[in-house]
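Letter by letter, the chains look like this.
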Amino acid sequence: MARNITPRKENYSQWYLDVIKAAELADYAPVRGCMVIRPTGYAVWENLQAKFDAAFKATGHVNAYFPLLIPYSFLNKEAEHVEGFSPECATVTHAGGEELEEPFAVRPTSETIIGHMYSKWIQSWRDLPVLINQWCNVMRWEKRPRLFLRTSEFLWQEGHTAHETEQEAREETLRMLGVYKKIMEEEAALPVIAGEKTKGERFPGAVDTYTCEAMMSDARALQAGTSHFLGQNFARAFEIQYQNREGELAYCWTTSWGVSTRLIGALIMTHSDDDGLILPPRIAPVKAVILPISKDENTAENIILPKAKELAQKLDDELGGLCVKVDTDFHARPGDRFFAHLQKGVPLRLELGEKDLASGTVRLVRRDTGEKLDVNNDNVIPTVKKLLADIQNNLYERAKTFREANTHDAKTYDELKEIIDKQGGFVRAYFGGTPEDEVRIREETGATPRCVLPGNDKGKCIITGQDNARLTIFAKAY
RNA sequence: CGGGACGUAGCGCAGUCUGGCUUAGCGCAUCUGCAUGGGGUGCAGGGGGUCGGAGGUUCGAAUCCUCUCGUCCCGACCA
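Report follows, based on the coordinates. Since this is a predicted model, take the numbers as computed values, not measurements.

1. Quick notes on the overall build of chain A
A tally of helices and strands in chain A yields 14 helices and 24 strands. Taking 23 Å as the expected radius of gyration for a compact globule of 478 residues, we find that chain A reaches 25 Å, a close match to that expectation. Per-residue burial over chain A gives 55% buried out of 478 residues. Sequence separation of 24 or more characterises 67% of the internal contacts of chain A that already satisfy a separation of 6 or more. Put simply, chain A shows about 21,700 Å² of open surface, and 48% of that area lies on carbon and sulfur atoms.

This is how it looks when you write it as structure tokens:
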């Protein structure tokens, strides 16, 4: 249907890029791996940001800002951390026309510099917990960039907390994982599985890493957000010590957690179709668009437009403002205007023409299903509210149904191989192997352990044959 | 980082092998006018590129050579 978008079945990667281009979400920057987030894409990010930020504040966190440049030596203080990040770290070696004595790292993440500051700020158990979040950009020099999913520079949020006890820090890690899951599911309509990462997939420097794992519409997995229990690793590396209630010096227990603009990639690949972008109403910058239609421009402008504006105002009042757009591009033909909004993923289209005025109705068209409804003027506002809620719900349910239909169980390693090879999707299997086993599985199947399911479901490991292995999801991932 | 493909107007392409035959062409989009108008309308007229960038070969380069930047696909690598 859309002539500027490659059908999903034909070439998934191309489809993804075409949707981004058609919806004007982002464009390539002149620097390899970097992108420009265009106003529409940025508006989506702002909406996501607003939801997460409110949830962070509600759980007692405050925002702050730490610098972009980090003394490179800081990264070296945590062995696993530097090993994990140095390959993708950009460094600044010159400034002011001179070579620097010590290079700066452009932050790939901020555990180190925040750890450094925390060691200065934290003296006593009375200073704890410290619950700080920052919204910023980070840079990771990726070999193979893809818009939103893996760009050299991206926007994200990183929460960094320090606690008095291990239990408190562990609770924080899981609390934020829960916050992520809730917002992803309720606001972004992305069904996710919240679970633990295996050893091989852990964040460099973490004791435990948790993830919200989503399935894209090609049945591949996408890590949508992570939360890390850092134990005392960074506290020891940066001497984040405090005097405890007994008057002794003790190391803090820290956590970190983040979600990024990658979520926009997840939204695209979860909800959109061959006509272009589909956005869940709760995070769509424009929730509904009203199109005044008439073959006579004068009628459109002087009779229909005022009514459209009036309706938009009423809807805005009901929906919380600035969410309804009136399309005043009378010169363009209706078909062109439909497609423009279709591709940009506006959840609901309201058509208001002479026929509607005569019959006292408005035509409503859903983006997710294409369903059309003629609704009496009196019922427009409640119907719009209902439809937006329905669309939100439908997108979530649709994605969840797809995920469930593409999730299979494997009793043996051979079965796992077979399913990954023939059907793809998520494969549940008991796994208790080592990181070396994970590497071997990846090499032999292309799949990686995405997440260990919560709960006490245990069984015989498909690799080692040992009992008590935890139920783990394997999949090919982005 | 290895293998492959590619970079010519906003988008998609032809021309590149066999340098001059083009003031660099085509489709879509765009602009103007008229008609049209509820899922991509029709006719007419117009605007826009110096061929990713730098250097070289040549009387002459979008076309040949060297370097460089970027994109896509596969692989390696990677929260």
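2. Notes on the side chain of Thr 151
In this structure, Thr 151 sits in the loop between strand S7 (130-139) and strand S8 (153-163). The class for Thr 151 is buried, based on a relative accessible area of 2%. Here the side chain of Thr 151 touches Glu 153 through a polar contact of 2.8 Å, landing on its backbone oxygen. When sequence neighbours within four positions are dropped, the list of residues in contact with Thr 151 reads Gly 33, Met 35, Arg 140, Glu 142 and Arg 146.

3. Some remarks on unusual backbone geometry
Following Leu 128, the chain continues to Pro 129 via a peptide bond in cis, the omega torsion being -5°. Position of Pro 129 among the secondary structure elements: in the loop between helix H5 (111-121) and S7.

4. Let's talk about empty space enclosed by the protein
Overall, the coordinates contain three cavities of 30 Å³ or more when judged by the stated rule. Taken together, Glu 111, Ile 114, Gly 115, Tyr 118, His 160, Thr 161, Leu 230, Phe 234, Ile 240, Thr 254 and Thr 255 make up the full set of residues lining the largest cavity. Counting only elements with at least two residues in the lining of the largest cavity, the list comes to H5, S8 and strand S14 (253-260). Considering every element that reaches the lining of the largest cavity, the biggest residue donor is H5, with four residues.

5. Here's the deal with the packing of helix H2 (residues 39-58) against helix H6 (residues 166-186)
Between two packed helices, the angle of one axis relative to the other and the distance separating the axes together describe the packing. Their axes nearest at 10 Å, the elements H2 and H6 cross at an angle of 145°. The two elements H2 and H6 meet at a crossing, and its hand is right-handed. Contacts from Lys 51, Phe 52, Ala 55 and Phe 56 in H2 reach Met 176, Val 179, Tyr 180, Ile 183 and Met 184 in H6. Its residues assigned to classes, the contact of H2 with H6 shows eight nonpolar, no polar and one charged.

6. Section: the pairing of strand S21 (residues 426-431)
With three bridges connecting them, strand S20 (residues 407-409) and S21 associate as parallel partners. Along S21, the bridge assignment pairs Asp 409 with Arg 428. Viewed along the sheet, the connection from S20 through helix H13 (residues 413-422) into S21 turns out right-handed. Alignment of S21 against strand S24 (residues 469-475), held across five bridges, turns out to be antiparallel. Considered in S24, the bridge of Phe 431 is made with Arg 470.

7. So, the protein's contact with RNA strand B
Taken together, 44 residues are adjacent to RNA strand B, and Arg 140, Arg 144, Gln 223, Arg 333 and Asp 356 come closest. Protein-proximal atoms of RNA strand B, defined as those within 4 Å of the protein, fall in sugar or phosphate at a share of 46%. Tyr 28 is positioned with one of its side-chain polar atoms (N or O) 2.9 Å from a phosphate oxygen of RNA strand B. Within the side chain of Arg 32, a nitrogen or oxygen atom sits 3.1 Å from a phosphate oxygen of RNA strand B. Where the surface near RNA strand B is concerned, the elements lending two or more residues are helix H1 (12-22), strand S11 (221-231), helix H10 (334-343), strand S17 (348-353) and helix H11 (354-359). Among the elements that line the surface near RNA strand B, the one with the most residues is H10, at seven residues. The residue inventory of the surface near RNA strand B, partitioned by class, reads 14 nonpolar, nine polar and 21 charged.

8. Looking at the state of the cysteines
One way to say it: the disulfide is the covalent bond shared by the sulfur atoms of two cysteines. Summed over the entire model, instances satisfying the criterion amount to zero disulfides. You can see Cys 136 has no disulfide; the closest cysteine sulfur is in Cys 89, sitting 14 Å from it.

9. What about the environment of Ala 447?
Turning to its location among the elements, Ala 447 is positioned in the loop between helix H14 (435-445) and strand S22 (448-452). Among the residues examined, Ala 447 registers a relative accessible area of 0% and is labelled buried. Separated by 104 residues in sequence, Ala 447 and Gln 343 place their C-alpha atoms 32 Å apart. Leave out the neighbours within four places in its chain, and Ala 447 touches Ile 420, Ile 441, Arg 442, Ala 475 and Lys 476.

10. Section: the sheet that holds strand S5 (residues 90-95)
Reading across the sheet, the three strands line up as S4-S6-S5 and stay open at both edges, with antiparallel pairing between neighbours. The two strands at the open ends of the sheet, each matched to only one other strand, are strand S4 (69-71) and S5. Going across the sheet, the axis of each strand differs from the next one's by a mean of 50°, ignoring polarity. Two strands pair when backbone bridges link them, and S4 and strand S6 (residues 98-106) are joined in this way by three bridges, in the antiparallel orientation. Looking at the pairing, Ile 70 lines up with Ala 105 of S6.

11. Focus on the packing of aromatic side chains
Enumeration according to the criterion identifies 15 aromatic pairs in this entry. Between Phe 74 and Phe 238, the aromatic rings sit 5.9 Å apart at their centres with planes inclined by 65°, giving edge-to-face as the arrangement. Here Phe 74, found in helix H3 (residues 72-76), pairs with Phe 238, found in helix H7 (residues 233-238); they are 164 residues apart in sequence, far enough to count as distant. With respect to burial, Phe 74 and Phe 238 carry one shared label: buried. Each member of the aromatic cluster is reached from another via a ring pair, and the members are Trp 45, Phe 52, Phe 56, Trp 135, Tyr 180 and Trp 257. Across the ring face of Tyr 478, the terminal group of Arg 220 is positioned such that the distance to the ring centre comes to 4.3 Å. Taking NZ or CZ as reference, Arg 349 lies 4.1 Å from the ring centre of Phe 338, over its face.

The rules behind the values
Residues numbered from 1 in each chain as written. Chains lettered and ligands numbered in written order. Predicted model: local features only at pLDDT ≥ 70, side-chain atom pairs only at ≥ 80, totals over all residues. Heavy atoms only, no water. Helix = DSSP H or I, 4+ residues; strand = E, 2+ residues; numbered from the N terminus. Rg over C-alpha atoms; globule rule 2.2 N^0.38 Å. Buried < 20%, exposed > 50% of the residue type's maximum accessible area, 1.4 Å probe, protein only. Contact = heavy atoms within 4.5 Å. Areas by Shrake-Rupley, 256 points an atom, 1.4 Å probe, with all protein chains shown as cover. Polar contact = N/O pair within 3.5 Å; in protein donor to acceptor, adjacent residues only side chain to side chain. 1 Å grid on protein atoms, 1.4 Å probe; cavity = no way out; pocket = protein on both sides within 12 Å on 5 of 7 lines; lining within 4 Å. Points joined across faces, edges and corners; volume = space filled by probe spheres on them. Axes fitted to C-alpha atoms, helices over the stretch in contact; angles between N-to-C directions. Left-handed = near helix turned anticlockwise from the far one by under 90°. Nonpolar A, V, L, I, M, F, W, Y, C, P; charged D, E, K, R; others polar. Pairing = 2+ DSSP bridges. Right-handed = clockwise from strand over helix to strand, strands pointing away. Near = heavy atom within 4 Å. Disulfide = S-S within 2.5 Å. Phe/Tyr/Trp six-rings, centres within 6.5 Å; stacked < 30°, edge-to-face > 60°. Lys NZ or Arg CZ within 6 Å of the ring centre and 35° of its normal.

This is a description of form; function is not addressed.
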